[in-house]
Amino acid sequence: MTMIALFIYIIGTYFPLIYTYVPLLGALKVVLVAGIVLVFGFIGTYGQYRNPTAYKNSIVYCWVIFLAFMMFGIFVSLDKGMTLDAFLANLKVFFIFLVMIKIVDSLEKLERVLAVFTLCGVGMGISAIYNYVFGTETLTGGHKLSDTYRAIALRGGLFGDPNDLALLFNSVLPFAIYFLLVKEKKTIHLLGVVILVLGTMLSYSRAGFLGLCVTGLMFLFFFKVRMKYFVYLLAFAILFWSFAPESYKERIRSITAWEVDEETGKTGTRMDAWKDGLVAGLEHPILGVGAGASVYVNGTRLQDWHQTHNAFVQVFIEIGTIGFAIYLSLFVLPYKQYKRYSRNIDKRKMHQLDILYKMIIISLVAFASTAFFTPNAYSPLLFMLTALAVIGSEAMKKESNALKVSAARVLVPQATG
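Residues numbered from 1 in each chain as written. Predicted model: local features only at pLDDT ≥ 70, side-chain atom pairs only at ≥ 80, totals over all residues. Heavy atoms only, no water.

Visitor: Would you take a moment to explain helix 17 (residues 351-371) for this structure?
Guide: In an α-helix there are 3.6 residues to a turn, and that puts residues three or four apart on one side. Over its 21 residues, helix 17 extends 30 Å from the first C-alpha to the last, a length consistent with the 30 Å expected when each residue adds 1.5 Å. Burial within helix 17 is extensive, with 18 of its 21 residues counted as buried. (Helix = DSSP H or I, 4+ residues; strand = E, 2+ residues; numbered from the N terminus. Expected span 1.5 Å × (residues − 1). Buried < 20%, exposed > 50% of the residue type's maximum accessible area, 1.4 Å probe, protein only.)

Visitor: So what exactly am I meant to see when it comes to the confidence of the model for the chain here?
Guide: Close inspection of predicted coordinates is inappropriate for parts of the model with low pLDDT. For the chain, the average pLDDT comes to 85, and 85% of its residues sit at 70 or higher. Overall, residues 137-147 carries pLDDT values under 50, and its contacts beyond four positions in sequence, including any with other chains, amount to 21 contacts. Predicted confidence is poor over residues 260-265, with pLDDT under 50, and the contacts of this stretch with residues over four places away or in other chains come to 4 contacts. (pLDDT = per-residue confidence, 0-100. Contact = heavy atoms within 4.5 Å.)

Visitor: Looking at this structure, how should I read the nonpolar core?
Guide: One recurring pattern in soluble globular proteins is that nonpolar side chains are buried together. Membership of the largest hydrophobic core comes to 117 residues, with the highest contact counts inside it found for I10, F97, V113, F117, M124 and Y327. The contact partners of F117, leaving out residues within four places of it in the chain, are I10, Y14, L168, S171, V172, F175, L381, M384 and L385. (Core = buried A, V, L, I, M, F, W, Y, C linked by side-chain atoms within 4.5 Å.)

Visitor: Just to check I follow, could you spell out unusual backbone geometry for this structure?
Guide: With the exception of glycine, the majority of residues adopt a negative phi angle, and the majority of peptide bonds are in the trans configuration. Its identity is not glycine, yet K29 carries a phi of approximately 55 degrees, on the positive side. Within the fold, K29 resides in the loop between helix 3 (23-27) and helix 4 (30-44). Positive phi values are uncommon outside glycine, yet K185 reaches one of about 55 degrees. Relative to the helices and strands, K185 resides in the loop between helix 8 (162-182) and helix 9 (186-202). Overall, the relative accessible area of 63% leaves K185 in the exposed class.

Visitor: Help me understand the pattern of salt bridges in this model?
Guide: Any two side chains of opposite charge can pair if their charged atoms end up close together. Evaluated as defined, the whole model comprises 5 salt bridges. Between K397 and E394 there is a salt bridge, with its nearest N and O atoms 3.3 Å apart. Taken together, the positions of K397 and E394, both in helix 18 (residues 380-411) and 3 residues apart, correspond to about one turn of that helix. We note that K397, like E394, is buried. (Salt bridge = Lys/Arg side-chain N within 4 Å of Asp/Glu carboxyl O.)

Visitor: Explain the packing of aromatic side chains here, please?
Guide: Aromatic ring pairs are described here by two measures, namely the spacing of the ring centres and the angle between the planes. With the rule as written, the count across this model stands at 27 aromatic pairs. With 5.6 Å between their ring centres and 15 degrees between their planes, F94 and F97 make a pair best called stacked. One end of the pair, F94, and the other, F97, are both in helix 6 (residues 80-103), 3 residues apart, so they sit about a helical turn from each other. F97 matches F94 in its accessibility class, with the two residues each being buried. An angle of 65 degrees between the planes, with centres 5.3 Å apart, marks the rings of Y178 and F179 as edge-to-face. A residue is classified by how much of its surface remains accessible, and Y178, at 0% relative accessible area, is buried. Lying over the aromatic face of Y55, K102 brings its terminal NZ or CZ to 5.4 Å of the ring centre. (Phe/Tyr/Trp six-rings, centres within 6.5 Å; stacked < 30°, edge-to-face > 60°. Lys NZ or Arg CZ within 6 Å of the ring centre and 35° of its normal.)

Visitor: Before we go on, may I ask you to explain the side chain of T370 in this structure?
Guide: Within the fold, T370 resides in helix 17. Overall, the relative accessible area of 0% leaves T370 in the buried class. Those residues in contact with T370, other than ones at most four positions away along the chain, are L167, N170, A207, G208 and G211.

Visitor: What should I look at first to understand the packing of helix 5 (residues 58-72) against helix 6 in this one?
Guide: A packed helix pair is summarised by two numbers, namely the angle formed by the two axes and the spacing between the axes. At their nearest, the axes of helix 5 and helix 6 sit 10 Å apart, and the two run at 165 degrees to each other. Compared by their axis directions, helix 5 and helix 6 come out roughly antiparallel. The interaxial crossing formed by helix 5 with helix 6 has left-handed handedness. In this structure, helix 5 uses I59, V60, W63, V64, L67, M70 and M71 to contact helix 6, whose residues at the interface are T83, A86, F87, N90, F94, F97, L98 and I101. Partitioned by chemical class, the residues of the contact of helix 5 with helix 6 number 13 nonpolar, 2 polar and no charged. (Axes fitted to C-alpha atoms, helices over the stretch in contact; angles between N-to-C directions. Parallel < 35°, antiparallel > 145°, perpendicular 65-115°, else oblique. Left-handed = near helix turned anticlockwise from the far one by under 90°. Nonpolar A, V, L, I, M, F, W, Y, C, P; charged D, E, K, R; others polar.)

Below you can see the structure in the form of structure tokens.
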């Protein structure tokens with residue numbers, strides 16, 4: 001029951017199109033109901049799970065400290081109501097995070113979760129591509145989805161913005177590649193990879209493009225790619241770029257358009273907001289200005305009331321320097337844990353687990369590189385990815401400990417009669 005509730009929660013969160021096709025699910029608040037069933041089902045079965053040290057993982061401690069700083073920030077926030085809402089929203093997702101890292105206690109369960117999560121991303125990708133090509137109308141509201149040159153899967157909601165949608169695609173892409181590498185039916189899994197890459201491209205998201213590039217570089221970093229596969233990858237990239245619309249190429253080229261205006265001293269880009277944001281963060285170094293309240297910094301300093309389009313600058317302004325350091329740790333710790341436990345496992349026997357954990361790290365880096373240009377510091381995606389990192393590290397720890405026990409038995413001399 002708990003795993004089914006988790007699957008429903010994942011689908012309801014990362015495939016919001018389901019509410020367009022089945023509006024009743026939205027009216028019934030299916031995500032809230034699934035979350036409640038998940039938590040209470042977990043409480044009733046707490047002693048059944050085989051990862052007793054999951055809550056001792058340093059990633060869990062980081063989240064606890066980060067949320068504590070977010071909570072204390074309510075008292076100094078520029079908008080206490082907004083910060084309270086942000087804190088409560090993150091606290092709810094954190095409860096799901098705590099349940100997930102306990103109930104997903106095997107590689108088989110982890111792969112099922114990843115399969116559902118990946119299908120959500122691919123499903124959103126299919127919708128975005130279809131809407132881009134055919135300009136279909138939504139089932140609720142009748143608005144044209146093609147009235148913009150950028151592909152979108154739906155209007156409004158968590159992934160309504162093309163940049164947020166690209167963030168989802170880049171976060172899911174490494175797991176689609178994982179299934180392509182280790183599972184049969186290569187054509188189907190390759191199709192999933194193509195859909196996610198094409199969906200990111202048609203979103204016209206510059207942040208999404210950078211995330212794609214970083215994903216490719218991380219893949220080359222972690223895996224010894226044979227020359228012929230490297231050629232395939234290069235040909236794949238060239239093919240996509242060749243068929244990309246000229247307007248997309250122009251948008252990507254604008255990434256480096258940072259010329260400074262001699263009269264104003266501004267670049268006319270997001271970098272202006274980053275600079276002012278960093279100064280504001282230094283003025284509020286302990287607790288920041290409150291989660292979500294960086295919009296007030298932009299409004300008063302730049303006379304432009306918008307969110308800070310950089311998750312890391314956003315955290316620095318809103319949570320303070322200590323919270324910022326903790327936030328960075330969420331991305332660093334999974335790699336450190338991988339290096340620690342991978343030394344003691346037989347990678348030939350645990351080849352699949354080794355690949356999977358590398359993909360989790362790549363996904364976190366893809367999220368970080370994409371969120372560097374989007375205001376998604378508190379996205380539920382980060383809770384999802386860090387939960388996968390905890391689960392993966394716990395699985396590697398088990399294998400590492402099992403190997404140590406086996407080695408100790410070999411070293412103990414046999415008793416003689």
